[in-house]
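For reference, the chains in residue letters:
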Amino acid sequence: MSAHSSPDTARHSDQTYSAFQQTVSECLIRHRSILDVLSKFQEASARVNRAVAKAVTTCGCIQVDASKPQIPADISYWEIKQHMATHVKGEMCEHCVEVLEQEIGRALFYLAGLCDVFGLDLDRLVEDERKRIATLGVFNLT
Ligand SMILES: [Zn+2]
């Protein structure tokens, strides 16, 4: 949980994603074509990237300081996390957090819209993915 989360945002009911998908389905009228949904989803994802970039290059509240991680050869796989960095220096200001949250929300809107076009249940997808990564653990993304 980040410092910006309130108790309300930390709560999650079992129906959050279903309710969200239902609302998106009701609102997705003008851009219901799969071509619109896919291209809008991609645009929204790019805007998430842009929000982070603008926090660095326009606002300056955060910096990116990246370098190759120095991982000692004699540590276990489980200790590697201690040597890995996000490369983000500083803390995003309130304005940039607000913009980033809006852009992530917009990306979620079109992700839910994509599920809706194909009759997929976003709530079930999230739960299936949660179970999958819980089972695979750290091997999930290797
Ligand atoms: Zn900022």
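Note: the structure precedes this text.
The structure reproduced in this document is the subject of the present report. Since the structure is predicted, the reported quantities are computational estimates derived from the model, not experimental observations.

### Digging into the overall build of the protein chain
Right, on to step 1. For the protein chain, the helix and strand inventory stands at 5 helices and 2 strands.
Right, on to step 2. Along the protein chain, from the amino end to the carboxyl end, the secondary structure elements read α-α-α-β-β-α-α.
Right, on to step 3. Every one of the 142 residues in the protein chain was classed for burial, and the buried ones make up 10%.
Right, on to step 4. The contacts of the protein chain with a sequence gap of at least 6 include a subset with a gap of at least 24, amounting to 73%.

### Some remarks on the packing of helix α3 (residues 34–59) against helix α4 (residues 94–117)
Right, on to step 1. Two elements in contact, α3 and α4, have axes separated by 9 Å at closest approach and are oriented at 165°. In terms of axis orientation, α3 runs roughly antiparallel to α4. Considering only the axes of α3 and α4, their crossing is left-handed.
Right, on to step 2. Here the residues of the contact of α3 with α4 sort into 19 nonpolar, 3 polar and 4 charged.

### So, the packing of helix α2 (residues 16–27) against α4
Right, on to step 1. Across the interface, α2 lies against α4 with an axial gap of 9 Å and an inter-helix angle of 80°. One way to sum up the angle between α2 and α4 is to call them roughly perpendicular. Each of Phe20, Gln21, Val24 and Ser25 in α2 lies in contact with α4, whose residues at this interface are Phe109, Ala112, Gly113, Cys115 and Asp116.
Right, on to step 2. Of the residues belonging to the contact of α2 with α4, the class tally is 5 nonpolar, 3 polar and 1 charged.

### Section: unusual backbone geometry
Trans is the prevailing form of peptide bonds, just as negative phi is the prevailing case for residues other than glycine.
Right, on to step 1. In this model, His87 sits at a positive phi of 70°, which is unusual for a non-glycine residue.
Right, on to step 2. As for its position among the elements, His87 is in the loop between β1 (62–64) and β2 (88–90).
Right, on to step 3. Residue class for His87 comes out exposed when judged on the 11 C-beta atoms lying within 10 Å of it.

### Quick word on helix α5 (residues 122–136)
Right, on to step 1. A rise of 1.5 Å per residue sets the reference length of α5, with its 15 residues, at 21 Å; its end C-alpha atoms lie 21 Å apart and thus fit the reference within 8%.
Right, on to step 2. Burial within α5 is sparse, with just 1 of its 15 residues counted as buried.
Right, on to step 3. Positive phi appears at Gly137, one or two residues downstream of α5, with a value of about 60°.

### Examining the environment of Ser18
Right, on to step 1. Relative to the helices and strands, Ser18 is located in helix α2.
Right, on to step 2. C-beta crowding within 10 Å serves as the criterion here: with 16 such atoms nearby, Ser18 is assigned to the partly exposed category.
Right, on to step 3. For the pair Ser18 and Leu122, spaced 104 residues apart in sequence, the C-alpha to C-alpha distance is 6.6 Å.

### Some thoughts on the nonpolar core
Right, on to step 1. One finds Tyr17, Val37, Phe109, Tyr110, Ala112, Cys115 and Leu122 forming the largest nonpolar core, which totals 7 residues.
Right, on to step 2. With 4 residues, the single largest contributor to this core is α4.

### Some details on the environment of Ile80
Right, on to step 1. With respect to the helices and strands, the residue Ile80 is situated in the loop between β1 and β2.
Right, on to step 2. Along the chain, Ile80 and Pro69 lie 11 residues apart, while their C-alpha atoms are 9.7 Å from each other.
Right, on to step 3. With near-sequence residues (within four places) excluded, Ile80 lies in contact with Ile71 and Ile75.

### Notes on the environment of Ala107
Right, on to step 1. Along the chain, the position of Ala107 falls in helix α4.
Right, on to step 2. Residues Ala107 and Gln42, 65 residues apart in the sequence, show an inter-C-alpha distance of 8.0 Å.
Right, on to step 3. Other than its neighbours up to four places away in sequence, Ala107 contacts Phe41, Ala44, Ser45 and Val48.

Basis of the calculations
Residues numbered from 1 in each chain as written. Predicted model: local features only at pLDDT ≥ 70, side-chain atom pairs only at ≥ 80, totals over all residues. Helix = DSSP H or I, 4+ residues; strand = E, 2+ residues; numbered from the N terminus. Buried ≥ 20, exposed ≤ 12 C-beta atoms within 10 Å, placed from the backbone. Contact = placed C-beta atoms within 7 Å. Axes fitted to C-alpha atoms, helices over the stretch in contact; angles between N-to-C directions. Parallel < 35°, antiparallel > 145°, perpendicular 65-115°, else oblique. Left-handed = near helix turned anticlockwise from the far one by under 90°. Nonpolar A, V, L, I, M, F, W, Y, C, P; charged D, E, K, R; others polar. Expected span 1.5 Å × (residues − 1). Core = buried A, V, L, I, M, F, W, Y, C linked by C-beta atoms within 7 Å.

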